[in-house]
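Below, each chain spelled out in residue letters.
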Amino acid sequence: MLNSKDLLGIKELTEQEILLILDTAAGFKDIIGRDIKKVPTLRGKTTVNLFFEPSTRTRTSFELAAKRLSTDVVNFSVPTSSVVKGESLLDTVLTVQALGADFIIIRHSSSGAPHLISRKLRASIINAGDGTNEHPTQALLDAFTIKEKKGKIGGLDIAIVGDIAHSRVAKSNIYCLTKLGANVRLIGPPTLIPKEIEDLGVGVFHNMEDGIRDADVLMMLRIQTERQDKGFFPSTEEYSKNWCLTSDRITLVKDNAIVMHPGPMNRGIEIVSEIADGPRSVILEQVTNGIAVRMAVMYLLAGVKR
Amino acid sequence: MNVLIKNGHVLDPSQGIDGPGDILIEAGIIKEIKTGDALARDEGAKRESGSGASGIRTIDAGGLLIVPGLIDMHVHLREPGFEYKETIRTGTLAAVKGGFTTVCCMPNTSPVNDHASVTEFIIRKAKQEGHCTVHPIGAITKGQRGEELAEIGTMKSEGCIAFSDDGQPVMNSTVMRRALEYSKAFNVPVISHSEDLTLSEGGVMNEGLIAVTLGLRGIPAEAEQVMIFRDILLAELTGGRLHIAHVSTAGSVNLVREAKKRGINVTAETCPHYFSVTEDAVRGYSTNAKVNPPLRTSRDVEAIKEGLTDGTIDVIATDHAPHHADEKSRPFDMAPFGISGLETALGLSLGLVEEGFLTRNQLLERLTVNPARILGLGKGTLTAGSEAELVVIDEKREYEVKAEEFLSKGRNTPFDGRVLKGMPVFTICKGKIYEW
């Protein structure tokens, strides 16, 4: 059983809850691998995808997860909604709830937006990414993928490379992987790694070679080019020279190491195509596993007593 | 209004009074203040005659503290322009509830108080509807844009007692230099909202681990300190009168302390929230703890208290910044900065006496004579002949802060539910007696 009706972040989960979600996801992965991919588990429930930021893969993944559990799914499209007329976030979500939503999947540019609405709603809130805070289902699907490939998470050396400061994916992964006992190393330019983050029990490296040496897992993050305009690094060329996962650098990791990326990728900037498409890459499996993990989250939240 | 306040303990740092005393008020003026020997003789005489004057209300202040009305040199009354947040009427009512009989309102209204016509409006409105005395603070620059000086001289003639672009720093160092130079002609302080906007850069809380774990953009202490240091250097260069608003960091306290040692003409204020609560209050995305400068660390809180103890920080002001509940119900990064502070300031400040950081007398100095001196106001005193502006405080009364019962329109406080000790029971101001 999960303790809360909402999935707001990995911070709020215990190790046991994370493991429960991963175990449950394994069952759903079997289902979505079948010819008939749908189960009637949540028939009659309604899911609303409420994305205030553009997203294709996460929204589609949630939509498929909800449909395979037989819930009705509505995509609340922000550009055509009353939000552009100045409606407040709370008014929008109260309206969505009044329309009968049981699950509200929210992505918002403000950190804490899911926490704000969760206090006001009976519906289950699932955080699909809030500002630079968390993206919990991404971390859960990453953990699921690592566990599937490596058989365990505890004790693994896992390196996360890129814009840690602005990445909700990195944050959720740090919480998730450290709770599961992995050794997490963060790699990137000092401008993109907050100095306080070491207090979360992770190692920090600014030199890529030092950071990835003998790693079991490499997680590459998307580098956003607008960070260059804000002066976090001088150019994407210089960024790549120092922190791109290249064929030379990949020789430093363990022989059986895997390479991950939450997508969408900037090929040639943070990762070269030879690796993204190579034998170590599990990037497309991450996408597939995302559906199973999101089904598990919805299924478990539906069982939480109100 | 004729009142005799008897049996109380009078505390008036302006006259060095700290003992039992009676105060007689006639027609809104302090007629007589009797302490020490005079009081004893009076008591004896009265027992003989067995009568008191007639037509006088008598307040028995036994066990209570009688102090000069508190002066808050930093509030936002929001009028004109943002009456849905606060008005001169509601803001001054909250003030007298909090024990303040004089407030100084910042110019970031709409229109900005950067012109004598706006000053005149505020003063007129305050005379008509205000529950306490209101002194406007004029903008340093036109529109608070930090580019051209506002008409400081003319606004002073109309009633502005200090100048500040509060809410916005004067980023251009030459403009700030000119302000400190020019204001010398009119002997008015320039109040610095010390924030380097290029360093705070859209931050919404204190920079540090909590900001990282909440995914909120941080404001480093250095954003404040860089500007305080700049303004201290400019005060040294110009000889102008510099007052630093809302000091929030340990580093800022050190900068002001050093500057005072070097004899620079600088004074400083802090606010109750900077010595009563840390950035921890932001956890859970609590927008009522969103304030600028942001709540800092426990190390900063300790340094602020030490700065108050040794006199580095001259004044406690509230930076009363009321906002509408709808605005504070936005996601954290979109909610406005500010704490509604008038009605919790005294209780929180008395906590410093309880903790031993200040004597009662020192606390009162920071709430009365010091702001009066900085602003050139003949207030904050109980001397005979002065207008009766005073507060009777029950130091021992404990109460729970209930934001929904605030008289201010702004219920945005991080102290809702906190138990405070010490509250005003009477406020006398502008010829009226408020009994709480």
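Residues numbered from 1 in each chain as written. Chains lettered and ligands numbered in written order. Predicted model: local features only at pLDDT ≥ 70, side-chain atom pairs only at ≥ 80, totals over all residues.

As for the overall build of chain B
Helix and strand counts for chain B stand at 15 helices and 18 strands. With the principal axes as the frame, chain B shows a C-alpha extent of 75 × 45 × 45 Å. Taken over 436 residues, chain B has a buried fraction of 57%. The contacts in chain B between residues at least 6 apart in sequence include a share of 75% that link residues at least 24 apart. (Helix = DSSP H or I, 4+ residues; strand = E, 2+ residues; numbered from the N terminus. Buried ≥ 20, exposed ≤ 12 C-beta atoms within 10 Å, placed from the backbone. Contact = placed C-beta atoms within 7 Å.)

With respect to the overall build of chain A
A tally of helices and strands in chain A yields eleven helices and nine strands. At 19 Å, chain A has a C-alpha radius of gyration in line with the 19 Å of a compact globule built from 306 residues. Across its three principal axes, chain A shows a C-alpha extent of roughly 55 × 45 × 35 Å. When contacts within chain A are restricted to residue pairs at least 6 apart in sequence, long-range pairs at least 24 apart make up 75% of them. (Rg over C-alpha atoms; globule rule 2.2 N^0.38 Å.)

Notes on the sheet that holds strand 2 (residues 72–77) of chain A
Residue and element names in this part refer to chain A. Taken in spatial order, the four strands of this open sheet run 2-1-3-4, and their pairing is parallel. Among the strands making up the open sheet, the edge pair consists of strand 2 and strand 4 (124–130). On average, each strand axis in the sheet is tilted by 15° relative to the strand beside it, whichever way the strands run. Direction of pairing for strand 3 (residues 103–108) relative to strand 4: parallel, over a ladder of five bridges. Considered in strand 4, the bridge of Ile106 is made with Asn127. (Pairing = 2+ DSSP bridges. Axes fitted to C-alpha atoms, helices over the stretch in contact; angles between N-to-C directions.)

Quick word on the sheet that holds strand 15 (residues 315–316) of chain B
All names here are of chain B. Strands sit in the order 6-7-8-9-10-13-14-15 across an open sheet of eight strands; the sheet is parallel. The sheet is open, and its two edges are formed by strand 6 (70–75) and strand 15, each paired on a single side. As paired strands, strand 9 (residues 162–164) and strand 10 (residues 190–192) are joined by two bridges and run parallel to one another. Of the residues in strand 10, the one forming a bridge with Phe163 is Val190.

Remarks on the interface of chain A and chain B
A common measure of how large an interface is: the accessible area buried when the components associate. Each partner contributes residues to the interface: chain A has 22 residues there, and chain B has 16 residues. Looking at the side of chain A that touches chain B, the elements that each hand over two or more residues are helix 3 (89–98), helix 4 (113–118) and helix 6 (168–179) of chain A. Looking at which element gives the most residues to the side of chain A that touches chain B, the answer is helix 4 of chain A, with three residues. When grouped by side-chain class, the residues that make up the side of chain A that touches chain B number six nonpolar, nine polar and seven charged. (Nonpolar A, V, L, I, M, F, W, Y, C, P; charged D, E, K, R; others polar.)

A look at the pairing of strand 4 of chain A
Across the seven residues of strand 4 of chain A, seven count as buried, placing the element largely inside the fold. Once you follow strand 3 of chain A into helix 4 of chain A and on to strand 4 of chain A, the crossover reads as right-handed. (Right-handed = clockwise from strand over helix to strand, strands pointing away.)

Some thoughts on the nonpolar core
Residues and elements named next belong to chain A. If you look at the biggest cluster of nonpolar residues, it comprises 112 residues, and the most contacted ones within it are Ile104, Ala143, Val161 and Leu218. Considering each element in turn, this core owes the most residues, nine residues, to helix 11 (residues 283–302). Two domains each provide a minimum of three residues to this core, namely domain 1 (15–134 + 289–302) and domain 2 (136–286). If near-sequence neighbours (up to four positions away) are discounted, Leu218 is found in contact with Ala159, Val161, Ile212, Leu245, Val253, Ala257, Val259 and Met260. (Core = buried A, V, L, I, M, F, W, Y, C linked by C-beta atoms within 7 Å. Domains from an automatic or database assignment.)

Topic: unusual backbone geometry
Residues and elements named next belong to chain B. Note that the residue after Glu79, namely Pro80, is joined by a cis bond; omega there is 5°. For Pro80, the location among the structural elements is in the loop between strand 6 and helix 2 (88–98). Despite not being glycine, Ala27 has its phi angle at roughly 55°, a positive value. Even without a glycine there, the phi angle at Lys430 is positive, about 50°. By the element assignment, Lys430 lies in the loop between strand 17 (419–429) and strand 18 (432–435). According to the C-beta neighbour criterion, Lys430 is partly exposed, with 19 such atoms within 10 Å.

A short note on the packing of helix 2 of chain B against helix 3 (residues 116–129) of chain B
Describing two packed helices takes the angle between their axes plus the distance from one axis to the other. Residues and elements named next belong to chain B. Where helix 2 contacts helix 3, the axes come no closer than 9 Å and their chain directions differ by 60°. Between helix 2 and helix 3, the angle falls in the class oblique. Handedness of the crossing formed by helix 2 with helix 3: right-handed. Along its contact with helix 2, which presents Ile88, Arg89 and Thr92, the element helix 3 presents Lys125, Ala126 and Glu129. Split into classes, the residues belonging to the contact of helix 2 with helix 3 amount to two nonpolar, one polar and three charged. (Parallel < 35°, antiparallel > 145°, perpendicular 65-115°, else oblique. Left-handed = near helix turned anticlockwise from the far one by under 90°.)

A word on the packing of helix 5 (residues 136–150) of chain A against helix 6 of chain A
All names here are of chain A. One way to put it is that helix 5 packs onto helix 6 with a least axis distance of 8 Å and a crossing angle of 50°. It follows from the interaxial angle that helix 5 and helix 6 lie oblique. In this structure, the crossing between helix 5 and helix 6 has a hand that is right-handed. Packed against helix 5, whose contacting residues are Pro136, Gln138, Ala139, Leu140, Asp142 and Ala143, the element helix 6 presents Val169, Ser172, Asn173, Cys176 and Leu177 at the interface. Classifying every residue of the contact of helix 5 with helix 6 gives seven nonpolar, three polar and one charged.

Overview of the pairing of strand 7 (residues 100–105) of chain B
Residues and elements named next belong to chain B. Within strand 7, six of the six residues are buried, which leaves it mostly tucked inside the rest of the structure. Of the pairings in the sheet, the one linking strand 6 to strand 7 comprises four bridges and is parallel in character. By the bridge assignment for strand 7, Asp72 is matched with Val103. Handedness of the crossover joining strand 6 and strand 7 through helix 2: right-handed. Two strands pair when backbone bridges link them, and strand 7 and strand 8 (residues 133–138) are joined in this way by four bridges, in the parallel orientation. Residue pairing across strands places Cys105 opposite Pro136, the latter belonging to strand 8.

Section: helix 2 (residues 57–68) of chain A
Residue and element names in this part refer to chain A. Its twelve residues place the ends of helix 2 16 Å apart at the C-alpha level, agreeing with the 16 Å of an ideal helix rising 1.5 Å per residue. Where helix 2 is buried, its residues contact helix 1 (15–32), strand 1 (46–51), strand 2, strand 3, strand 4 and helix 11. Phi turns positive one or two residues past the end of helix 2, at Ser70, with a value near 70°. (Expected span 1.5 Å × (residues − 1).)

Focus: the domain arrangement of chain A
All names here are of chain A. Domain boundaries in chain A define domain 1 (15–134 + 289–302) and domain 2 (136–286). Summarising the inter-unit geometry, the C-alpha centres of domain 1 and domain 2 are found 26 Å apart. Residues of the side of domain 1 that touches domain 2, tallied by class, amount to seven nonpolar, seven polar and five charged.

Observations regarding the environment of Ser109 of chain A
Residues and elements named next belong to chain A. Along the chain, the position of Ser109 falls in the loop between strand 3 and helix 4. Overall, Ser109 belongs to the partly exposed group, with 14 C-beta atoms counted inside 10 Å. With 80 residues separating them in the primary sequence, Ser109 and Pro189 have C-alpha atoms 24 Å apart. The contact partners of Ser109, leaving out residues within four places of it in the chain, are Phe52, Glu53 and Gly131.

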